[in-house]
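Survey of secondary and tertiary structure
Below are the chains, spelled out letter by letter.
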Amino acid sequence: MERITSIRGFRDILPGESEKWQFVEEKAREIFGAYGVREIRIPILEKTDLFRRGIGETTDVVEKEMYTFVDRGEESLTLRPEATASVIRAYIEHNFFETDPVTKLFTIGPMFRRERPQKGRYRQFHQINVEMLGYEDPRIDGELISMLMLFLSELGIEDLDLEINSLGCADCRPVFREEVVRFLDHREESLCPDCRRRLQTNPLRVFDCKVETCGEAVREAPVILDSICAGCRDHFEKVKNLLDTLAVPFRVNPRMVRGLDYYKRTAFEVIGHSLGSQNAVAGGGRYDGLVQELGGPDIPGIGFAIGFERLVSMLPGDETRFSSKPSLYVATLGTAAETFAFRLLHNLRKTGLQAETDYSGKSLKAQMKRAGRSGAPYALIVGENELAEGAVVLRDMGAGAQEKVAISELHAKLKEIFHVR
Ligand code: HAM
């Protein structure tokens with residue numbers, strides 16, 4: 001029979017790796033919890049218009065990367081390419097702002113973008129996403145960015161660069177946009193066909209183009225920091241000072257534009273130097289105006305998303321740091337021992353002990369070989385003769401030493417070794 005494989009750009013997260021994901025999620029819950037960031041779980045499928053309006057018609061994501069389909073001839077739906085638009089939709093839909101406009105939310109889950117798959121870039125990928133709504137004050141920018149950096153450092157991830165920029169606001173960005181268009185108009189021949197089109201629709205996207213000639217064309221281009229308004233400048237200066245106050249190192253990258261259209265003022269990315277060409281492990285920024293754009297009140301917000309796959313690939317430590325091995329391997333000899341062990345395993349697991357056994361019916365020698373391979377530090381051998389005496393044999397696999405333990409003493413003995421309940 002022909003094998004059915006997974007789809008290109010969609011990957012399985014196997015045991016061995018999934019433990020790392022759990023470790024990261026636990027850390028996220030712990031650290032975000034200290035900042036009052038609460039979890040929201042949102043659907044994966046949304047109405048296409050949410051992303052068209054939220055992310056911007058002329059972004060790469062909306063123009064060519066969304067998985068969109070018409071649901072049985074009724075309405076156009078899209079597998080979410082990012083979470084911010086969905087979180088804001090939920091924030092508006094459930095009137096969060098009526099009780100308190102200040103709301104801090106996180107969500108973890110899969111996103112879908114039909115990009116060209118390569119190392120660190122998938123069509124289904126996962127994000128850890130945080131949004132903080134309700135404050136225009138730069139201190140929330142400082143809080144959010146420093147929380148992100150604390151989280152990454154608590155995971156032991158090093159060799160990171162935090163890059164920040166200001167993307168201006170509705171007042172000053174159009175002026176800059178005109179400047180860029182004027183500058184690039186003379187250099188149109190050196191731009192790729194996509195960027196020639198972008199020149200009309202979304203000229204700032206040229207800054208992000210990976211084509212070499214486009215990169216050269218923008219090298220001398222004006223930078224937005226030279227034309228932001230006094231309000232944006234003041235905000236940016238304060239954010240930088242706040243990061244300094246918390247001793248969070250950063251670098252100003254005046255050419256960073258971000259790939260989604262909703263950003264205003266503060267924008268940032270975290271670059272992981274070990275990641276290769278897809279080197280942004282996280283990105284985010286302020287999106288004042290987005291809540292209103294999506295039909296809610298005028299409430300500002302800022303957030304970020306971490307690429308889960310990229311984050312996991314940067315975790316230090318070998319497999320043993322995350323692997324889950326059984327603590328105890330139970331081997332049996334004879335039918336009575338099998339029956340006894342079946343009940344014993346149930347009771348051991350009830351105490352929280354990770355206990356494993358073998359139902360293959362193979363010899364004790366084969367079972368012990370498997371016990372060794374499992375990595376369990378201890379094995380419990382239930383033999384017919386010992387059982388008749390009311391005892392079992394406990395073997396220290398590392399030391400190769402074993403002792404007879406009375407069944408009545410077994411729980412106390414295991415408690416002593418494994419600190420179980
Ligand atoms: P983004 O920069 O598009 O921002 O994505 C954030 C992160 O998701 C990236 O830095 C990268 O680590 C990861 N990522 C993106 N695309 C892929 C892919 N195809 N394969 C693997 N990883 C990927 C956003 O999505 C914004 N919603 C972030 C945000 C939240 N801004 C404000 N709030």
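As the structure is a computational prediction, the values presented were derived from the model and not from experiment.

About the cut-offs
- Residues numbered from 1 in each chain as written.
- Predicted model: local features only at pLDDT ≥ 70, side-chain atom pairs only at ≥ 80, totals over all residues.
- Heavy atoms only, no water.
- Helix = DSSP H or I, 4+ residues; strand = E, 2+ residues; numbered from the N terminus.
- Contact = heavy atoms within 4.5 Å.
- Core = buried A, V, L, I, M, F, W, Y, C linked by side-chain atoms within 4.5 Å.
- Buried < 20%, exposed > 50% of the residue type's maximum accessible area, 1.4 Å probe, protein only.
- Near = heavy atom within 4 Å.
- Polar contact = N/O pair within 3.5 Å; in protein donor to acceptor, adjacent residues only side chain to side chain.
- Areas by Shrake-Rupley, 256 points an atom, 1.4 Å probe, with all protein chains shown as cover.
- Nonpolar A, V, L, I, M, F, W, Y, C, P; charged D, E, K, R; others polar.
- Pairing = 2+ DSSP bridges.
- Axes fitted to C-alpha atoms, helices over the stretch in contact; angles between N-to-C directions.
- Domains from an automatic or database assignment.
- Phe/Tyr/Trp six-rings, centres within 6.5 Å; stacked < 30°, edge-to-face > 60°.
- Salt bridge = Lys/Arg side-chain N within 4 Å of Asp/Glu carboxyl O.

Mapped onto the secondary structure, Gly 272 falls in strand E9 (residues 264-272). For the pair Gly 272 and Met 66, spaced 206 residues apart in sequence, the C-alpha to C-alpha distance is 26 Å. Apart from residues no more than four positions distant in its own chain, Gly 272 is found in contact with Asp 159, Leu 160, Asn 279 and Met 314.

Take the nonpolar core next. Formed by 63 residues in total, the largest nonpolar core has its most connected members in Phe 32, Phe 151 and Leu 311. Dropping the residues within four chain positions of it, Leu 311 is found in contact with Val 24, Ile 128, Phe 151, Leu 152, Leu 155, Ile 157, Val 281 and Ile 306. Formed by 23 residues, the second largest nonpolar core is a distinct cluster that contains Met 66, Tyr 91, Leu 133 and Leu 290.

This paragraph deals with the site of the ligand. Glu 82, Glu 115, Tyr 122, Tyr 263 and Ala 280 are the nearest of the 27 residues found near the ligand. The contact in question runs from a nitrogen atom of the ligand to an N or O atom on the side chain of Glu 115, over 2.8 Å. In the model, a nitrogen atom of the ligand is placed 3.4 Å from a nitrogen or oxygen of the Phe 304 main chain. Coverage of the ligand by the protein chains reaches 95% of its 660 Å² of free accessible surface. The dominant element in the shell around the ligand, judged by the number of residues it contributes, is strand E10 (residues 280-286), at six residues. When the residues that make up the shell around the ligand are grouped by side-chain class, the tally is eleven nonpolar, nine polar and seven charged.

This part covers the sheet that holds strand E4 (residues 75-79). In space, the three strands of this open sheet follow the order E2-E4-E3, with antiparallel pairing throughout. In the strand order of this sheet, the two ends are held by strand E2 (45-47) and strand E3 (67-71), each with one partner. Taken pair by pair, the neighbouring strands of this sheet meet at an average axis angle of 35°, ignoring direction. Bridging between E2 and E4 involves three bridges; their strand directions are antiparallel. Bridging across to E4, Lys 47 finds its partner in Leu 77. The sheet contacts of helix H2 (residues 48-55) involve E2, E3 and E4, and relative to E2 the element is tilted by about 75°.

Sheet architecture is open: eight strands sit in the order E1-E5-E6-E11-E10-E9-E7-E8, paired in mixed fashion. Among the strands making up the open sheet, the edge pair consists of strand E1 (38-39) and strand E8 (251-252). Taken together, the five bridges between E10 and strand E11 (residues 301-307) define a ladder with antiparallel strand orientation. Within E11, the position partnered with Gly 284 by the bridge is Phe 304. Sitting on the sheet, helix H10 (residues 230-245) touches strand E7 (160-166), E8, E9 and E10, and the angle it makes with E7 is about 160°.

Let's shift gears to the domain arrangement of the protein chain. Taken as a whole, the protein chain is organised into domain 1 (18-172 + 228-313) and domain 2 (325-418). Distance from the C-alpha centre of domain 1 to the C-alpha centre of domain 2: 49 Å.

Let us look at the environment of Leu 290. Secondary-structure assignment places Leu 290 in helix H11 (residues 290-293). Since its relative accessible area comes to 4%, Leu 290 is described here as buried. Residues Leu 290 and Thr 84, spaced 206 residues apart in sequence, show a C-alpha to C-alpha distance of 9.7 Å. Beyond its immediate stretch of four places on either side in the chain, Leu 290 contacts Gly 54, Thr 84, Ile 88 and Tyr 262.

This part covers the packing of aromatic side chains. Two measures describe an aromatic ring pair: the distance that separates the ring centres and the angle between the ring planes. Counted under the stated rule, the structure contains 14 aromatic pairs. Where Phe 23 meets Phe 322, the ring centres are 5.2 Å apart and the plane angle is 70°; that geometry is what we call edge-to-face. Of this pair, Phe 23 sits in helix H1 (residues 18-34) while Phe 322 sits in the loop between helix H12 (308-313) and strand E12 (328-332), placing them 299 residues apart in sequence. Phe 23 sits in the partly exposed class, given a relative accessible area of 25%. On the basis of relative accessible area, Phe 322 is assigned to the buried category, the value being 6%. Through a chain of ring-to-ring contacts, the aromatic side chains of Phe 32, Phe 106, Phe 151 and Phe 304 assemble into a single cluster.

All told, the structure shown has 26 salt bridges when counted by the stated rule. The salt bridge involving Glu 39 is made with Arg 29; its shortest N-O contact spans 3.0 Å. Of this pair, Glu 39 sits in strand E1 while Arg 29 sits in helix H1, placing them ten residues apart in sequence. You can call Glu 39 partly exposed: its relative accessible area is 31%. Assessed through its relative accessible area of 33%, Arg 29 is described here as partly exposed. For Arg 251, the salt bridge goes to Glu 163, with nearest N and O atoms at 2.7 Å. One end of the pair, Arg 251, is in strand E8; the other, Glu 163, is in strand E7, and 88 residues separate them in sequence.

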